[in-house]
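What follows is the residue order along each chain.
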Amino acid sequence: MLDKLDDLITGTASVDLPDGHFINGGYTKAGKDMIESFDAGRGAVFARFTNGTSSDVDQAVANARTTFQNIWRKTAPVERGRILSKTAALILENLERLAIIETLDCGKPLSEARGDVRGAARCFEYYAGVCDKLQGQTFPLGHDYLGYSISEPIGVTAHIIPWNFPISTAARGIAPALAAGCCVVAKPAETTPFSALLLGEILHQAGLPSGVCNVITGTGLQTGAALVAHPDIGQVTFTGSVATGRNVMKSAADNITRVVLELGGKSPVVVLGDCDQDAALNGVLGAIFENAGQICSAGSRLIIAREIHDEFIDRLVKRAAEISVGHGLSDPQMGPLNSQQHLQKVAGFVDRAKTRGAEVLTGGNITQDPKTGQGWFYEPTIIANRPSDDELVQEEIFGPVLTVQIADDVDHALTLANDCQFGLVAGVYTSNATTAHRLARDIDAGQIYINEYFAGGIEVPFGGNKKSGFGREKGLEALQSYCKTKSVVAKI
Ligand code: NAD
């Protein structure tokens, strides 16, 4: 596939992709209602896939349920671990193909897509090792009693996946669910369905019994809503926007279904006067311009100490203006936004800010791939100091738009950092370890990065506070969402 990258960029070559769901170990036929998938780098259709109906959802859940009862919950944990290990290896064997498809579907630069695929493999590698370590406890009830607990899998879990990190978000939910002994029905986003389908196929190739992992494509309103509302779903892991998360929670409430909500963010990067400015500069740029800012944990608010503001912002603006944009397969520093609708949403935030008198330090416009004049691109954008109640400080833009806030001292930086409805992550750049850990203690966010933004890996629990949601994915903590404790007490 690498040999036809140039033709894929111009749309003169195509990729062979599934057009049905992956249910019970195989692809179904294409449905009657098909959705177009766009290559955002060209703004053109490159494939089609099925809009799942509620009966497709019923079929996927029924298969998962039967397989759970008859096979997967009875499969020895060590065997589950072997299948997950094999999956990790197969993902890596298919790295280039998966990365190219992910880039076509999402728009992101090929190097970033390769990183996402490696990350997905790492999820399976990590959870492969815990399958045979989920233990219960015994309880000290005295001489005449035996009390113990068993960690049991929830049953069938639903995974609703967003479009910004399709394969890694799918992997970070599916891997611990399977490790715990659950069967899965996953629904990728309507603009990025393919890598999740291929992941279902790879799991099957790795030896996962048919029906354990099913992937169903379609819109949120039709397919996603039917899946979340299904009475046989025991747990919903939802990653997406606050508005949809609220609907998912309400719908799950009807069946008393558990939910983990991984929602949006508006994360601060606090840069103090005593920091290593070169490291902070690289960190701030990566935090907002990686994946064109379409990251829940993007560092979209720069809280900068007044004493270094002028020098730091000068350097930052110069570096941002030099960022290359282009079709993801040409591997630029920044790719397009995922859809035309999303591009308009991002542009709307900046256009409204301009009418409020905001100073755009660099960027601030829709643009195209300089080589082809096509695609859905937005310039890397930095907006000068805005007050805390500004829309640019409070709302998630989910694009390459950084808003500056100036702090007079550490306490002021903390106040600014916390003055926001979200609490997903925060970055802190300082050479003073005490200040760093005080900020880590006092900032209300699910995770804090000190002197390196996006530090960490699958080993570290990840999730939000405030409107960023609740529950944790990644790490050993993620397993708790997929397990229930049964206590047994016997009089002997
Ligand atoms: P979205 O909420 O529009 O869609 C997310 C998923 O939900 C899609 O698969 C969609 O089809 C589905 N969906 C939509 N309506 C549904 C419904 N009524 N019932 C069930 N499913 C439904 O979000 P998006 O625009 O695709 O993703 C971007 C958002 O996701 C951002 O807010 C971002 O911050 C958030 N996000 C959070 C994390 C995290 O870990 N906290 C990670 C990635 C993205």
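Keep in mind that what you see is a predicted model, and the values were worked out from it rather than measured.

Draft legend 1. Looking closely at the overall build of the chain. Of the regular secondary structure elements, the chain holds 16 helices and 24 strands. Scaling as 2.2 N^0.38, a compact globule of 492 residues should have a C-alpha radius of gyration of about 23 Å, and the chain matches this with 23 Å. When its C-alpha atoms are laid out on the principal axes, the chain stretches across 75 × 65 × 40 Å. Split into buried and exposed, the 492 residues of the chain put 57% on the buried side. Just so you have it, the chain exposes about 19,300 Å², and 49% of that area is on carbon and sulfur atoms. Counting 43 positive and 55 negative side-chain charges, the chain places the centres of these two groups 7 Å from one another.

Draft legend 2. Structural view of the site of the ligand. If you check the shell around the ligand, you find 28 residues, and the closest are I161, R172, E190, S241 and E396. Contact distances for the ligand include 2.8 Å between an oxygen atom and a side-chain N or O atom of T244. Relative to its free-state accessible area of 850 Å², the ligand is covered by the protein chains to the extent of 89%. Among the secondary structure elements, those contributing two or more residues to the shell around the ligand are helix 8 (220-228), strand 10 (235-239) and helix 9 (242-254). Among the elements that take part in the shell around the ligand, helix 8 stands out by supplying 4 residues, more than any other. Residue classes in the shell around the ligand are distributed as 15 nonpolar, 8 polar and 5 charged.

Draft legend 3. How the structure looks around the side chain of D390. Checked against the element boundaries, D390 lands in the loop between strand 17 (381-383) and helix 13 (391-394). For D390, the side chain forms a polar contact with the side chain of R386, separated by 2.8 Å.

Draft legend 4. Local environment of helix 14 (residues 410-418). Taken residue by residue, helix 14 has A413, L414, L416 and A417 as its buried positions. Seen from one end, helix 14 has its buried residues packed into an arc of 165°, which puts them on one side. Packing partners of the buried residues in helix 14 comprise strand 12 (267-271), strand 13 (299-305), strand 18 (401-407) and helix 15 (433-442). Between the side-chain oxygen of the N-cap and the backbone nitrogen of D411 there are 3.2 Å, and the N-cap of helix 14 in question is D409.

Draft legend 5. A look at the packing of helix 14 against helix 15. Viewed as axis vectors pointing N to C, helix 14 and helix 15 meet at an angle of 30°, and their least axial separation amounts to 11 Å. When the axes of helix 14 and helix 15 are compared, the pair comes out roughly parallel. Judged by the sense of rotation from one axis to the other, the crossing of helix 14 with helix 15 is right-handed. Touching V410, L414 and N418 of helix 14 are T435, L439 and D442, all from helix 15.

Draft legend 6. Spotlight on the environment of I450. Locating I450 in the fold gives a position in strand 21 (residues 447-450). Classification of I450 by relative accessible area gives partly exposed; the value is 30%. When the C-alpha atoms of I450 and H437 are compared, they prove to be 8.5 Å apart, with 13 residues separating the residues in sequence. For I450, the contacting residues outside a window of four places in its chain are V428, A436, H437 and A440.

Draft legend 7. The arrangement of the sheet that holds strand 6 (residues 145-153) in detail. Reading across the sheet, the 3 strands line up as 5-6-24 and stay open at both edges, with antiparallel pairing between neighbours. The two strands at the open ends of the sheet, each matched to only one other strand, are strand 5 (138-139) and strand 24 (483-491).

Draft legend 8. Region of interest: the sheet that holds strand 20 (residues 425-429). Strand order in this open sheet of 7 strands is 14-17-18-13-12-20-21, and the pairing throughout is mixed. If you trace the sheet from one side to the other, it starts and ends with strand 14 (360-362) and strand 21, each paired once. Each strand of the sheet is rotated relative to its neighbour by a mean of 25°, with strand direction disregarded. Strand direction decides the pairing type here: strand 12 and strand 20, joined by 3 bridges, are parallel. Along strand 20, the bridge assignment pairs V270 with V428. Contacting strand 12, strand 13, strand 14, strand 17 and strand 18, helix 11 (residues 309-321) runs over the sheet at an angle of about 150° to strand 13. Here helix 14 sits on the sheet and contacts strand 12, strand 13 and strand 18; the angle it forms with strand 18, its principal contact strand, is near 145°.

Rules of the game
- Residues numbered from 1 in each chain as written.
- Predicted model: local features only at pLDDT ≥ 70, side-chain atom pairs only at ≥ 80, totals over all residues.
- Heavy atoms only, no water.
- Helix = DSSP H or I, 4+ residues; strand = E, 2+ residues; numbered from the N terminus.
- Rg over C-alpha atoms; globule rule 2.2 N^0.38 Å.
- Buried < 20%, exposed > 50% of the residue type's maximum accessible area, 1.4 Å probe, protein only.
- Areas by Shrake-Rupley, 256 points an atom, 1.4 Å probe, with all protein chains shown as cover.
- Lys, Arg positive; Asp, Glu negative; His and termini not counted.
- Charge placed at Lys NZ, Arg CZ, Asp CG, Glu CD.
- Near = heavy atom within 4 Å.
- Polar contact = N/O pair within 3.5 Å; in protein donor to acceptor, adjacent residues only side chain to side chain.
- Nonpolar A, V, L, I, M, F, W, Y, C, P; charged D, E, K, R; others polar.
- Arc of directions from axis to C-beta.
- Contact = heavy atoms within 4.5 Å.
- Axes fitted to C-alpha atoms, helices over the stretch in contact; angles between N-to-C directions.
- Parallel < 35°, antiparallel > 145°, perpendicular 65-115°, else oblique.
- Left-handed = near helix turned anticlockwise from the far one by under 90°.
- Pairing = 2+ DSSP bridges.

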